[in-house]
Amino acid sequence: MKLKLTSYTTAAIIGLLTLPGNVIAEELRVGVAAMATSTDPHFHRSGYNMSLRENISDALVYANTYNGKLEPRLATNWENLDETTWKLQLNSNARFSNGNPFGVDDIIYSFCRVPNVEGSPGAFTGFIRDVKDIRDGGDGSVIMETSGPNPVLLRSLAKIGIIENPTGQLLKYDKEECGNDQWLSSEKFNDGTLSSGIGPYTVTKFTAGVELILERNSDYYGERPFYSKVTVKSIPENGARIAALLGNNVDLINSVPINGIERIQNEGSFELASTPATRLIFLGMDQESEPTPKVSGTNDKNPFKDIRVRKAFNLAIDRQGIVDKIMGGIASPTSTIVTESLFGANPDLKLYPYDPEQAKKLLAEAGYPDGFTLTLNAPSDRYVNGSQVAQAVAQMLAKIGIDVTLETFPKSVYFKKASAFEYSVYLAGSGADTGEGLYQTIHIAGTRDKTKGWGGANRARYSSSVTDGYLRKGQVTLDEKKREALVREALKQVYDDYGLIALYHEMGVWAHKANIYFEPSANQRNIYYRARSK
């Protein structure tokens, strides 16, 4: 099947974004495969939650995924006073929905709240771990000090939505509680009691897993969104999502399945938009618990602590086959974390060979000539063709003597269990939130440490002092060439350790009515405020 995908260039995007400002449409109807689990901008560091946050709660800056540049948002400009001190000038026109002006106290409260969100399944602390102090800089500016040189601080700040400070006080920033013991609850954001911040849209209705309604923020300080209303419906089943588009029940859908592309193209009145994505789909192998959950036939030993077993599992996976047969070629097979186009990618790390016979020999050497039994876990409603990929992996592992049972859960349950370390081998995904490879590697392969914000996606708890050493140096190296070399060395160490089973990098594909322009995002975010009619 030959695919015709619209892949937008920067020039085309600029042209479309400069359409006449007086042409404003009423409603954009969207069907999504996975909906945000909360309207709280600090609740969960996950793609679907961060996607919503981009539309309703501005950060200080915006990291453009097309040209790699930083754009002003709540901060209009910034400068380095020295290697560890930043001054950001704030937008004096930004106001919350109640009319209150935005200020330094809101920034401090928001950053203080990040590590104090009750029930968060994935905290944003990794983005602000180096922030040592935040204080009023006078003249409508904020001063931020870091514990050391931080070359990607601004990209990290781009992930923290700013909410209104309810305390009536200017808190003293620290990395724990900032002298405050009363934090806004996520439930108050979800039920509409609290505003999610200052953004192009405001939330008027949120029913978790069902529907989300956004209304244009008429007092927004920036460019007005084209659509006055965005109605987002959760449609996790691929066929139902396509049928909703073709049946004129929605105008736009995301996560277009591979087997649906040709059907949509044949209709003639729809278009596809795509862009290479940074998200890695991988399998984690528990490398800490003893015994490891849901594994038997190993005399209560954790087999994944043995590098020979980890290597065997990697050699048992036909990555190219998965991409060709299940992903329809709309993905890039890989054995490493960072996609080739991203800063820090190591071009020397080739695909592990598909070699089930060698995998069997490695298992025998490790003391498992007859294999063992395990449960493979995967989310049922998170990734494009995720369940099918997990099923294919189970079949491949069976060929080397592993007796596999596949167990899936809805994402709302799945990631809570993953964070409680209830899985031995599990499917997951994680993108380059900062637009470069250093922090993606820290998030996936850095030794898990909540206090430092490391290893948020490393629920397998792979840990290497060598890998960590390269990553720590990368965090304080301002020289781009030296920093990239450090990231590449860290990636090589993970590769040599067989620390995880990298499968492929996704490609984001959306489908929409032909009279609509929609800008695809490399981070697979649904950016509604840039959508408009042609």
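Overview of the structure. Keep in mind that what you see is a predicted model, and the values were worked out from it rather than measured.

### With respect to the side chain of S335
Part 1 of the argument: In this fold, S335 is placed in the loop between β14 (331-333) and α11 (356-365).
Part 2 of the argument: Among the polar contacts listed, one links the side chain of S335 to the side chain of R319, at a separation of 3.5 Å.
Part 3 of the argument: There is a polar contact of 2.9 Å between the side chain of S335 and the backbone nitrogen of Y352.
Part 4 of the argument: Look past the residues within four positions of S335 in its chain and what remains in contact with it is R319, K350, L351, Y352, Y495 and A502.

### Quick notes on the nonpolar core
Grouped burial of nonpolar side chains is what soluble globular proteins tend to show.
Part 1 of the argument: With 79 residues, the main nonpolar core has F313, F372, L374 and L503 as its most contacted residues.
Part 2 of the argument: The contacts of L503, once residues within four sequence positions are left out, are L280, I281, F282, L283, I317, R319, I322, S332, P333, T334, V389 and L427.

### Details of the pairing of strand β1 (residues 25-32)
Part 1 of the argument: Direction of pairing for β1 relative to strand β10 (residues 227-234): parallel, over a ladder of seven bridges. Residue pairing for β10: E27 is matched across the bridge by K229.
Part 2 of the argument: In terms of strand pairing, β1 meets strand β11 (residues 252-253) through two bridges, oriented parallel. Bridge pairing in β11 places G31 opposite I253.

### Re the state of the cysteines
Part 1 of the argument: This structure, assessed with the given rule, holds one disulfide.
Part 2 of the argument: There is a disulfide in this structure between C112 and C178, and the S-S distance comes to 1.9 Å. For the disulfide bridge between C112 and C178, the dihedral angle about the S-S bond is near -95°, and by the sign convention the bridge is left-handed. Here C178 lies in the loop between α5 (153-157) and α6 (186-190) and C112 lies in helix α3 (residues 104-113), a separation of 66 residues in the sequence.

### Overview of a negative patch on the surface
Part 1 of the argument: On the surface, D174, E176, E177 and D181 cluster together to form a negatively charged patch.
Part 2 of the argument: Relative to the helices and strands, D181 is located in the loop between α5 and α6.
Part 3 of the argument: Taking the relative accessible area as the measure of exposure, D181 reaches 59% and is therefore exposed.

### Topic: the packing of aromatic side chains
Part 1 of the argument: Overall, the coordinates contain 14 aromatic pairs when judged by the stated rule.
Part 2 of the argument: Considering the side-chain rings of F124 and F127, the 6.1 Å spacing of their centres and the 40° angle between planes classify their relative orientation as tilted. Each member of the pair, F124 as well as F127, carries the same accessibility label: buried.
Part 3 of the argument: Feature note: the residues F304, F313, Y368 and F372 constitute an aromatic cluster, connected by ring pairs.
Part 4 of the argument: Here the guanidinium or amino end of R461 rests over the ring plane of F421, the centre of that ring lying 3.8 Å away.

Rules used in this analysis
- Residues numbered from 1 in each chain as written.
- Predicted model: local features only at pLDDT ≥ 70, side-chain atom pairs only at ≥ 80, totals over all residues.
- Heavy atoms only, no water.
- Helix = DSSP H or I, 4+ residues; strand = E, 2+ residues; numbered from the N terminus.
- Polar contact = N/O pair within 3.5 Å; in protein donor to acceptor, adjacent residues only side chain to side chain.
- Contact = heavy atoms within 4.5 Å.
- Core = buried A, V, L, I, M, F, W, Y, C linked by side-chain atoms within 4.5 Å.
- Buried < 20%, exposed > 50% of the residue type's maximum accessible area, 1.4 Å probe, protein only.
- Pairing = 2+ DSSP bridges.
- Disulfide = S-S within 2.5 Å.
- Patch = residues over 30% accessible without salt bridge, like charges linked within 9 Å, V, L, I, M, F, W, Y side chains within 5 Å.
- Areas by Shrake-Rupley, 256 points an atom, 1.4 Å probe, with all protein chains shown as cover.
- Salt bridge = Lys/Arg side-chain N within 4 Å of Asp/Glu carboxyl O.
- Lys, Arg positive; Asp, Glu negative; His and termini not counted.
- Charge placed at Lys NZ, Arg CZ, Asp CG, Glu CD.
- Phe/Tyr/Trp six-rings, centres within 6.5 Å; stacked < 30°, edge-to-face > 60°.
- Lys NZ or Arg CZ within 6 Å of the ring centre and 35° of its normal.

Without other data, these values stay purely geometric and don't point to any function.
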